[in-house]
Amino acid sequence: MALFGTDGVRGLANGPLTADLALTLAQATAVVLGQGRIAEARKAAGKRLTAVIARDPRVSGHFLSAAVEAGLASSGVDVLDAGTLPTPAAAYLIGDIDADFGVMISASHNPAPDNGIKIFARGGVKLPDEVERRIEEAMAGEKLRPTGGDVGRVVRFSDAEDRYAIHLLASLPHRLDGLHVVLDCAHGAASGVSPETFRNAGAKVTVIGADPDGININDGYGSTHLEKLSAEVVRTGADVGIAHDGDADRCLAVDAEGRVIDGDQIMAILAVAMKRDGRLKNDTLVATVMSNLGLHRAMAAQGIAVEQTAVGDRYVLERMNEGGYSLGGEQSGHVIMSRYATTGDGVLTGLHLCAEMARTGRSLAELASVMTVFPQVLINVRGVERSRATDADVLAGVQVAEAALGDSGRVLLRPSGTEPMVRVMVEAASHDDAQRIAEELADIVRG
């Protein structure tokens with residue numbers, strides 16, 4: 001199996017993801033990312049390469065980050081340790097100080113026993129598949145082994161959080177004075193910086209899920225568990241709730257009535273605001289094939305085109321970079337604002353969503369009404385060949401379903417990239433219709 005997945009290297013810490021693997025991966029990264037014109041020019045001038053490293057609060061992050069730092073320093077790379085910070089903060093800092101690359105230790109929304117290693121290139125951008133392949137190959141090759149004064153240094157990046165918070169505040173088009181915001185930090189990487197930044201932006205802030213102990217990350221809190229956030233917003237009479245995941249590259253929201261506002265609705269709100277202000281490049285939004293049909297309808301009504309990609313924020317990023325687009329994301333809450341970030345940034349997204357509420361004086365429910373969410377049913381058909389998604393009898397069933405739905409819904413069949421499974425997704429004007437058609441198609445896929 002390939003070492004790299006869709007978002008770096010991820011697995012059970014001290015299971016497949018060991019300190020030895022982390023150290024060797026770091027050494028290989030130094031070999032591969034230490035090449036190139038800029039890196040060679042720095043080395044020719046007698047300068048060592050520099051890398052930024054950060055982590056989320058999971059307890060295994062301590063030994064994994066130590067192993068990565070050891071691998072980099074032993075390869076002659078100076079390491080700036082930013083401590084516990086969100087993934088988008090690490091990406092921003094790489095570009096901000098012109099570091100050669102960076103590493104984030106996090107398993108995002110996964111439970112605490114898991115962890116991961118995400119590698120960013122110069123500028124804080126994710127690595128293309130080809131570079132990941134070269135790093136994986138380099139793990140079995142010769143390593144860089146400088147001696148004496150040529151080995152790398154590991155130092156604390158003392159103002160890392162301040163730099164990131166200042167960057168976030170500088171991006172805001174409007175202060176948040178008068179808003180009461182409940183923040184759910186998932187006991188994760190944003191537990192310190194998100195509440196501080198929202199308060200500095202002028203909001204009244206109530207915080208839940210911000211007491212990380214190394215093992216409670218994502219446990220009943222955060223963007224995958226919105227029940228507590230909804231209840232707290234209603235209990236406190238707040239205007240809005242914002243939820244991050246463990247590494248804070250996601251943002252989901254709830255309105256004043258505790259209703260969930262997902263990534264599609266957040267993108268719709270931001271797209272309309274950015275078009276109004278002339279900040280939406282080519283009046284285009286980039287979204288995945290899983291985004292709700294209601295998003296497409298709403299954007300068409302606003303004169304905004306929607307470019308579709310495969311599922312995964314890396315594919316959204318690729319399309320945004322190709323077209324120079326300024327906004328994209330996923331229903332899950334990965335929202336990318338390319339003017340300010342090179343990856344999904346949950347704190348940035350939450351701030352800009354609240355800024356639009358403050359600027360317009362409208363509630364989140366009012367803003368979200370720009371989009372009507374179509375009922376969506378997803379069934380994972382397990383234990384079948386992935387090729388069933390393109391089987392003739394399955395495609396015939398899809399045609400029948402699409403004819404029945406007309407322009408009031410859609411069907412999407414998607415094979416899993418890693419398991420013997422086909423995902424069946426149906427959208428329709430009513431939940432009952434979506435459920436019935438999805439079940440019928442799932443039966444056909446099962447054969």
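Being a predicted model, the structure only gives us computed values, none of them experimental.

### Some points on the side chain of D78
So, point 1. Positionally, D78 belongs in strand 3 (residues 77-84).
So, point 2. Excluding residues that lie within four positions of it along the chain, D78 makes contacts with R48, L49, T50, A51, G152 and R153.

### A look at helix 7 (residues 193-200)
So, point 1. When helix 7 is considered as a whole, its buried residues turn out to be V193, S194, P195, T197 and F198.
So, point 2. Summarising the contacts, the buried residues of helix 7 are in contact with helix 6 (160-171), strand 8 (180-184), strand 9 (204-208), strand 10 (240-243) and helix 12 (346-360).
So, point 3. Residue G202 follows helix 7 closely and has a positive phi angle near 110°.

### Thoughts on the UniProt feature "active site" (unreviewed entry) in the protein chain
So, point 1. According to UniProt, the positions carrying the feature "active site" (unreviewed entry) are S108.
So, point 2. Assignment of secondary structure puts S108 in the loop between strand 4 (101-105) and strand 5 (114-121).
So, point 3. In this structure S108 comes out as buried when scored by relative accessible area, which is 2%.
So, point 4. For S108, the contacting residues outside a window of four places in its chain are R10, D56, R58, K118, N218, D245, G246, D247 and D249.

### Brief notes about the domain arrangement of the protein chain
So, point 1. Structurally, the protein chain comprises domain 1 (9-157), domain 2 (163-369) and domain 3 (376-446).
So, point 2. Contacts between the two partners involve 31 residues from domain 1, matched on the other side by 27 residues from domain 2.
So, point 3. For the domain 1 and domain 2 pair, buried surface summed over both sides reaches about 2,100 Å², with 61% attributable to carbon and sulfur atoms.
So, point 4. One can count six salt bridges joining domain 1 with domain 2.
So, point 5. One salt bridge connects D247 with K118, and the closest N-O pair in it is separated by 2.7 Å.

### Some remarks on the state of the cysteines
So, point 1. For the structure on display, the rule yields zero disulfides.
So, point 2. For C251, which is in no disulfide, the shortest distance to another cysteine sulfur is to C354 and amounts to 7.8 Å.

### Re the pattern of salt bridges
So, point 1. A complete count under the given rule lists 35 salt bridges for this structure.
So, point 2. One salt bridge in this structure joins R446 and D443, with 2.8 Å as the shortest N-O distance. You can see R446 and its partner D443 sitting in helix 15 (residues 431-446), three residues apart, about one turn around the helix.
So, point 3. Its relative accessible area of 47% is what places R446 among the partly exposed residues.
So, point 4. In this structure, a network of salt bridges that share partners links the residues D7, R10, K118, K126, D247, D249 and D313.

Rules behind the numbers
Residues numbered from 1 in each chain as written. Predicted model: local features only at pLDDT ≥ 70, side-chain atom pairs only at ≥ 80, totals over all residues. Heavy atoms only, no water. Helix = DSSP H or I, 4+ residues; strand = E, 2+ residues; numbered from the N terminus. Contact = heavy atoms within 4.5 Å. Buried < 20%, exposed > 50% of the residue type's maximum accessible area, 1.4 Å probe, protein only. UniProt positions renumbered as here; feature names shortened; annotations may be inferred. Domains from an automatic or database assignment. Buried area = accessible area lost by both parts, 1.4 Å probe. Salt bridge = Lys/Arg side-chain N within 4 Å of Asp/Glu carboxyl O. Disulfide = S-S within 2.5 Å.

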